[in-house]
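Here's the letter readout for the chains.
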Amino acid sequence: MKRFVSFLLFMALGTLTLFGQAREVTGTVVSADDGEPLPGVSVSVKGTSVGTITSVDGKFEINVPTDGEILMFSFVGLLTRELEIGSNTVIDVVMEQDLMELDEVVVTALGISREKKALGYSVTQINAEDIEQNPENDIGRVLSGKAAGVRVTATSGVSGSGTNITIRGYSSIKGNNQPLFIVDGVRFSGSTNSGTDNEQGFLEGNQATSSRFLDINPNSVENISILKGLSATTIYGSEGRNGVIIITTKNGSGVSGKPEITLNQSLFFNEVNLPEFQNSYGNGFQQQNGFFYSNWGAAFTDPPTLANHPYSNFADPDLIAAFPEYQDGVQYELKPYDNVTEFFRTGVASNTSVTMRGGNENSSYSGNVSYLKDQGFLPGNELNKFNAGIGGKTQLSKKLSFAGTMNFVKTDMVTPPISYGDGSGIGGGSGISVFADVLYTPRSIDLMGLPYESPIDHRSVYYRVANDIQNPRWTTKYAKQIDNVNRVFGSGNLSYIILDKLNLTYRYGIDHFAEQQEYQLNKGSVQNDNYLNGLYRTRNIMSTTWDQSVLLTLQQDIGDKITLDVLLGGSSVRDIYSTDGMESTNQLVFGLMNHKNFSDHSTYNSFNQSALQSHATANTLGAFGQITASYSNYLFLNMSARNDWFSSLQPENYSQFYPSASLSFIPSQVFEALKTSAKFDLLKFRIGYGTSAGFPPLYVTESILSTNARGFVTLDGTVVPTNGVHWFLGNPELQPELHAEAEVGIEFALFKNRFGADITLYSKQTTNLITEATLDPSTGYARTYVNIGQMTNRGIELEVHVTPVRTSNFSWTLQGIFTKYESIVDELGAGLDKVLINGFTDLGNYAIAGQPYGVMYGYEIDRDEAGNFLIDGNGNFLQSDEPAIIGNPHPDFETSLINRLKYKGFSFSMQWDYRQGGDIYSETVNTLIGRGITKDTDFDRSQTFVMPGVLADGSPNDIQTTATNAYFNNFGSQAPAEVNVIDGTTFRLREISITYSLPRQWMAKLPFGSVDISLMGQNLWFKAINFPEYVNFDTDMLSLGVGNGLGFDFITGPSSTRYGASIKVTF
Amino acid sequence: MKKTIILLSVTLLLGMLTGACDFFDLDLTEDPDAVVLADANPDYALNAMQVELKNLLSNDDPANWRGVNRLGMEVSRMIIKWGGTYENAYNPTEFDQVWSRAYEGVLMDAHTFLPIYEENEWWIHAGITKVLQAYVLVTLVDFFGDVPWTQSFDATNFNPGADDDGSIYDVALSKLDEAIADLDKEALATPSNDMYYDGDPEAWTTLANTLKLKIHLNLRLVDASGSTAAINGLISGADLISSPEQNWIFHYSRVTDNPDSRHPYFIYNYLNGGNTYMANYFMWTLYEEKPVVDPRMRYYFYRQRTESSEEFQELPCYGTDRPAHYPVDLPYCTLPDGYWGRDHLDDDGIPPDTRARTLWGVYPAGGEFDMDQGAPASAASGMQGAGAEMLMVDHYVKFMLAESALTLGTTGDPRQLLLDAVESSISHVMSFGEEMASQAYIPTQQDIDDYLAEVATLYDAATSDDERLEVIVKEYYIALFGNGVEVYNLVKRTAMPSNLQPALLADPGSFPRTFNYPANCVNLNSSIAQKPHTIQVFWDTNPAGVIQ
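Residues numbered from 1 in each chain as written. Chains lettered and ligands numbered in written order. Predicted model: local features only at pLDDT ≥ 70, side-chain atom pairs only at ≥ 80, totals over all residues. Heavy atoms only, no water.

**Student:** Break down the overall build of chain A for me, with residues and values.
**Tutor:** Scanning chain A from N- to C-terminus turns up 11 helices and 57 strands. At 31 Å, chain A has a C-alpha radius of gyration in line with the 31 Å of a compact globule built from 1067 residues. Dimensions of chain A along its principal axes, counting C-alpha atoms only, are 105 × 70 × 65 Å. Each of the 1067 residues in chain A was classed as buried or not, and the buried ones make up 63%. Pairs at least 24 residues apart make up 69% of the contacts formed inside chain A by residues separated by at least 6 positions. Summed over all atoms, the accessible surface of chain A reaches about 36400 Å², with 55% contributed by carbon and sulfur. Separation of charge centres in chain A, based on 73 positive and 110 negative side chains, amounts to 9 Å. (Helix = DSSP H or I, 4+ residues; strand = E, 2+ residues; numbered from the N terminus. Rg over C-alpha atoms; globule rule 2.2 N^0.38 Å. Buried < 20%, exposed > 50% of the residue type's maximum accessible area, 1.4 Å probe, protein only. Contact = heavy atoms within 4.5 Å. Areas by Shrake-Rupley, 256 points an atom, 1.4 Å probe, with all protein chains shown as cover. Lys, Arg positive; Asp, Glu negative; His and termini not counted. Charge placed at Lys NZ, Arg CZ, Asp CG, Glu CD.)

**Student:** So what's going on with the overall build of chain B? Which residues, and what values?
**Tutor:** Looking only at helices and strands, chain B features 18 helices and eight strands. For chain B, buried positions account for 63% of its 548 residues. As presented, chain B carries roughly 18300 Å² of accessible surface, and 51% of it is formed by carbon and sulfur atoms. Once the 33 positive and 80 negative side-chain charges of chain B are each reduced to a mean point, those two points are 4 Å apart.

**Student:** Tell me about the confidence of the model for chain B, and please be specific about residues and values.
**Tutor:** Residues of chain B with pLDDT of at least 70 account for 95%, and the chain-wide mean is 92. For this predicted complex, the interface score ipTM comes out at 0.93, while the overall pTM is 0.85. (pLDDT = per-residue confidence, 0-100.)

**Student:** Help me get a handle on the sheet that holds strand S47 (residues 884-887) of chain A, residues and values and all.
**Tutor:** To summarise the sheet geometry, strands pair through backbone hydrogen bonds and adopt either a parallel or an antiparallel arrangement. Residue and element names in this part refer to chain A. Judged by pairing direction, the sheet is antiparallel, and its four strands sit side by side in the order S44-S45-S46-S47 without closing on themselves. Looking along the sheet, the strands with just one partner apiece sit at the ends: strand S44 (834-840) and S47. Sheet twist, expressed as the average angle between the axes of neighbouring strands with direction ignored, equals 45 degrees. As paired strands, S44 and strand S45 (residues 843-848) are joined by six bridges and run antiparallel to one another. Bridging from a neighbouring strand, Asn838 pairs with Asn845 of S45. (Pairing = 2+ DSSP bridges. Axes fitted to C-alpha atoms, helices over the stretch in contact; angles between N-to-C directions.)

**Student:** Provide a residue-level description of the pairing of strand S1 (residues 23-31) of chain A, including the pertinent values.
**Tutor:** All names here are of chain A. Relative to strand S4 (residues 59-64), S1 runs antiparallel, the two being bridged by six bridges. Residue pairing across strands places Gly27 opposite Phe60, the latter belonging to S4. Pairing of S1 with strand S7 (residues 93-95) involves three bridges; the strand directions are parallel. Pairing of Ser31 across the sheet is with Met95, part of S7.

**Student:** Lay out the state of the cysteines with the relevant residues and their values.
**Tutor:** Residues and elements named next belong to chain B. According to the stated counting rule, one finds one disulfide over all chains in the structure shown. Note that Cys317 is cross-linked by a disulfide to Cys333, the S-S spacing being 2.1 Å. Between Cys317 and Cys333 the sulfur-sulfur dihedral comes to about 85 degrees; the bridge is accordingly right-handed. Remark: Cys333 occurs in the loop between strand S5 (301-302) and strand S6 (341-342) and Cys317 occurs in the loop between S5 and S6; sequence separation between them is 16 residues. The pair formed by Cys317 and Cys333 is uniform in burial state, with each residue classed as buried. (Disulfide = S-S within 2.5 Å.)

**Student:** Which residues make up helix H5 (residues 96-120) of chain B, and what values do they have?
**Tutor:** Residues and elements named next belong to chain B. The end-to-end C-alpha distance of H5 is 34 Å, a good match for the 36 Å that 25 residues give at a rise of 1.5 Å each. In the structure, H5 departs most strongly from a straight axis at Phe113, where the bend amounts to approximately 35 degrees and where the proline Pro115 lies between one and four residues downstream. By the criterion of burial, H5 is predominantly enclosed, with 18 of the 25 residues buried. (Expected span 1.5 Å × (residues − 1). Bend = angle between axes of the 7 residues up to and from the residue.)

**Student:** How would you sum up the interface of chain B and chain A? Please name residues and give values.
**Tutor:** Taken together, the 95 residues of chain B in the interface contact 102 residues of chain A. Scanning the region where chain B abuts chain A turns up one salt bridge. With its nearest N and O atoms 3.9 Å apart, the salt bridge here joins Arg574 of chain A to Asp22 of chain B. For the pair chain B and chain A, the number of links is 29 residue pairs in polar contact (both at pLDDT 80 or more). (Salt bridge = Lys/Arg side-chain N within 4 Å of Asp/Glu carboxyl O. Polar contact = N/O pair within 3.5 Å; in protein donor to acceptor, adjacent residues only side chain to side chain.)

**Student:** Tell me about helix H2 (residues 42-58) of chain B, and name the residues and values.
**Tutor:** Residue and element names in this part refer to chain B. Here H2 is 17 residues long and its end C-alpha atoms lie 25 Å apart, about the 24 Å a rise of 1.5 Å per residue gives. For H2, the buried fraction is high: 16 of the 17 residues fall into the buried class. Its side-chain oxygen at 2.9 Å from the backbone nitrogen of Asp43, Asn41 defines the N-terminal cap of H2.

**Student:** Before we move on, can you summarise the side chain of Ser76 of chain B with the specific residues and values?
**Tutor:** All names here are of chain B. Secondary-structure assignment places Ser76 in the loop between helix H3 (68-75) and helix H4 (86-89). Polar contacts involving the side chain of Ser76 include one to the main-chain carbonyl oxygen of Gly72, which spans 2.6 Å. Those residues in contact with Ser76, other than ones at most four positions away along the chain, are Tyr477, Val487, Tyr488, Val491 and Leu500.

**Student:** So what's going on with the confidence of the model for chain A? Which residues, and what values?
**Tutor:** Residues at a pLDDT of 70 or more form 94% of chain A, whose mean pLDDT is 86. Here residues 196-200 of chain A is a poorly scored stretch, pLDDT under 50, and it has 12 contacts once near neighbours within four places are set aside; other chains count.

**Student:** So, the pattern of salt bridges: which residues are in play, and what are the values?
**Tutor:** Scanning the entire structure with this criterion turns up 68 salt bridges over all chains. Taking the shortest distance from any N to any O, the salt bridge between Asp758 of chain A and Arg686 of chain A comes out at 2.4 Å. Here Arg686 of chain A lies in strand S36 (residues 680-694) and Asp758 of chain A lies in strand S41 (residues 755-774), a separation of 72 residues in the sequence. With respect to burial, Asp758 of chain A and Arg686 of chain A carry one shared label: buried. Residue Asp370 of chain B pairs with Arg303 of chain B through a salt bridge whose shortest N-O separation is 2.8 Å. Taken as a pair, Asp370 of chain B in the loop between strand S7 (359-360) and strand S8 (388-392) and Arg303 of chain B in the loop between S5 and S6 lie far apart in primary sequence, 67 residues in all.

In structure tokens:
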């Protein structure tokens, strides 16, 4: 793998030249390990700029100038060799492994490959073998726990649902904290187009919307480089301020050689993680049977108690008429049914991918095609993804070269709608949610045995008298959220050698996608009163990003010891984003989803009153420079600066300059004692300081009016238009927010690199924070953007590796990753004492001065002065008058431990994750417990309970309540929020994989280059130790959708375990 | 060949860089999808204020979108609030939308567009806007006490302090005077969509005078002589709402979508078989308290069943003991003949009783007329939501004048005013529901006369002014069905009806004399701290704790 990277290094530094016609030398490079040819080894004539690389079969051809004397062979991970040319025309070379592997080359900003040791900042590189063949096809989720400082949270276990990624915590209050994706050198939109820009988006189904980095095929990735700090990302401009994930695809890597085809086929299963249910008590309340929402009925009996069939109890005579078979005393058995467990299915995901590449010394080409069919564990959920891409590189002349990639992706995702659930249906939200009622299905409800639709009008039917719960099976069949994307992205790179070592590059990238979103709800739904007659919404998004840059690079040696790399550049990014759509209500014919089959049409999304049509254009211009100086290969200085001009701020504020610098010092290459020490392999200190700027969302500097052509329709049919002052207050004074970060780090390696560590400490400060302040409406406005306050974000990242055993046949490596960050809101200013980040005003994440960013705010149990809980006249907790801080959603720290064992052709890896702390408010838990569903409530329910606390007169509470009241009122969704905040400490077996590579000697007889067979599993086991044991709650879920919300679960679905097998064959 | 390639590449490069000026355009601050003030149609702004006013009053849906009507009716036992204690019943977030609709919805637009109306000499627009301002300000004071006004609508102050509630009443009175003056001027334009009075300046003037009556009646507790003089002045001015044509009503329609223009009470209850519980007490007041059934009964309530339940499953309180603090002559748990409601502040879980509960009837929600159908309601029932918002109608005025004549001695005979008021209320309700009512169930003149006679008997039997006031208040209370603003004021002003049903818990905490400030006010505005709901509005001088 690294072979290709070193090739990149050559490309980027522009040292590949092909002139001088003295004599030709050819040869083959093979590995000392197994005698196999080595492709991608760089071969150069020492003291000149003449060089080439070996082809796939290890062969090279080089024209040695007349003054050339020595050939140098170098390759990452192998010991560099120098050989006298003499009069030889054929030179064959055997290269040995460099066991220390210290000269790792990583991809840095603008795709420039550098030796890791030269960097003054922290970079984590993840290679193809850790990414490909993964059961997760979402590149974001694949990164979970694989890099210090990177946090990945899924919004749901549903295939294709959104993924939240943050690098080094949170630095902006309301701004985007998601990292920038760069694919093959150009910007790639990873946005989650959830259809709403306001923070209430989670109410309408934000969770089910895909994050657009889903469009990347993990099997086509060559490597991923994660730049975390500002000193690494300054030249990417403001978008790089949250870290940059640089992805080099196989098409973009430009490796040449003899044609090679790789075939990858995998099959994975996807199983939902469900609670463990109790089977002692059934549906009812207060120990009495009845068709309630709750499961506080009488104990099951053997033989089962009989009741009138629920479908004979309907209040609606039409429904009675629809089910004659259940009338006239038909009995229903009250016993535990396999309802929820049978509702879900085992998902199956199949992924086929073919990659091909080849070329000669002047050109290379590659192409790949892949197809994923991922059927979720939730009936009605499926993700289909087709990727096709080509890449190539060619030397047009001695001085001019061109490289380009072009990719097409079609990602089609469908799922039943998922949105906020409050434990009693969909609560305050507007959307439909398949999960809202299913997990707490009372034990005696035969979900899978009862009809779910009326044979007469297809209306949803279920067990309640008033038929007021939508049957989840009806939802999976007749309600859909569709997200279909056609995306084309690619890049071109034209490079011209002006002078020796002076190189001009022009690079452009285009990323265009058309995303078609649909919300389908047939008539006959009963979950949301507003859409009983059906809803159909289509929304088309067109997004185009043009990313162009010009780079001038110069490499200059000053004397023997100093080398200087200078880079000057300019870039232009243009984003055009537009949406349009239509919403129709009142379906005529059941089943047909076409606007013409609906009688009412609107241009608004009625869930959140946002207009379906919108247009936005933004231009960002940047000018940047970077100087890298190295002294004697042990001291490296990197300085860079950038100026951005951003089109959506007023001219007086739209320009921002920000510099950064970093220094790397390697004592182990300076001091004799260290150099010659047998124990010490590497010791490196680094220090960096970087700055960046954040720009506000578009169109927030000017106030506007709200307009509605249809404000009201009167009795006589007059349509009344309205114009009013918009609740948003524009702020023309708005300025960029400023980020500054200092980081220091130590890296060392001992005992021939059998033990090593990379430790980073950083402190990042954001000032002039661009904050969407929620205002008291008595100001006349609801929201505005302001520059206020300051946030500090500090953290530690640690990566340790140990190799306890390393023999020629067997090795065992342990890698430990530790992440801790703390984002504190130092001050807010502008008279604001708190800012709502996400959620509800009385149950959400807030920024409060002096507190961790995003603390959870909600109602507490009321307490007396001594701190005792106050109990009301019914024996239940009293709720506090005002909300208070009820939790901190950020984990204290997170760690991963990755074990890798290799024995001959076998390799085994196992990743354990541990998360310490991080509070979660869980509606799933409080509902399952408060409604008496899980095994946690399998106790003697005839006993009475006395809640701890004191009564109004100060005496200890002695009011006895029933099991139903104690749990329903004090733990259920009616309870003060504080009760349902639980510490999220979790152990997790994130991943196991076993791979067997067939021995190469077998291959000689077969038409294959290599065959690898793997078994893999993801999220195989987890245990949130402070959660009720049988709820089996996965702390990795986030119900607030992709954004800055954290620590809230609103029943948006369980997580899943994926496992399966794959085979990889090369030809 | 090479030269060609180079040439081609350079051309391409230059073309992309220079040809695309768009890439360098940095002046993109204007939202291409938005309208700015300079382009606005000020006439449409008046529509926006009018629509927002009805939202402020009656919005009613599960997402805590409660209008002031709902709050006032709940605490006055007209409809039911879930929650055990007053404390638990009301989270300050429940008032957020009221606050938003009042300030962002009506008052901000008024503040912005009034200068434009005045400059353009659109005097009718200006007058209407001022009437709306006055009404919203008074409503805010009545529900919350001290509220922001003088420091509001300033883009540089995110923390407007609250003004003294009395001073805001003064502002409202002067706004009404200004409105009357404006409405008298020669206007250069008339509103094209006045949804209340079709742009009639005289009707708005009458309303402005009537609102002054309402304000002065509230003020009678703090300034009896001032109120007496003012009310007598208004009576002699003879420009108060006195006939149905002058009623201040907002009419909903049957339009279901884009936007849903039906009455929110209808939408929230008819589509799914019922959300809001009617109050057992209020239904009992009409059905059982007097020896005659109220003629409005079938218009106010629609029963989905005509028999009461005895099943635990759907009526968990059935057969349980009446709480010790419940007077024996008041209803508990259930009423006869399928009148299915709940008791005050009952916080028991919600049983599966939708499509069994009694719903809003034809008046004013635009629902179904009760003809003993006993069938579940649906979106197609009755007037299909074409109900109305009764903001200020002629019989309210008569009741107010009766109360004023009795307590202040203003012009008029309280007994006659009371009987006139009841009679107009009945005829108002009956004519509203005429479209749906079926002959067999329409009250006969005899029914009406019997009812009026009963009221007269009760009044005549009263031996003190307090007892007489009790009769007037009870009748006004009944007539106010649907209007939470006036009923909340009536209860606070008179501390009557004195037999309001107690909460199920013996100690439900204090009755909200004003409501807590909304969460979006106290949580976001550092100048305003939360206050207990025992705080009384300045005009409410009744003793603390007098209302339970």
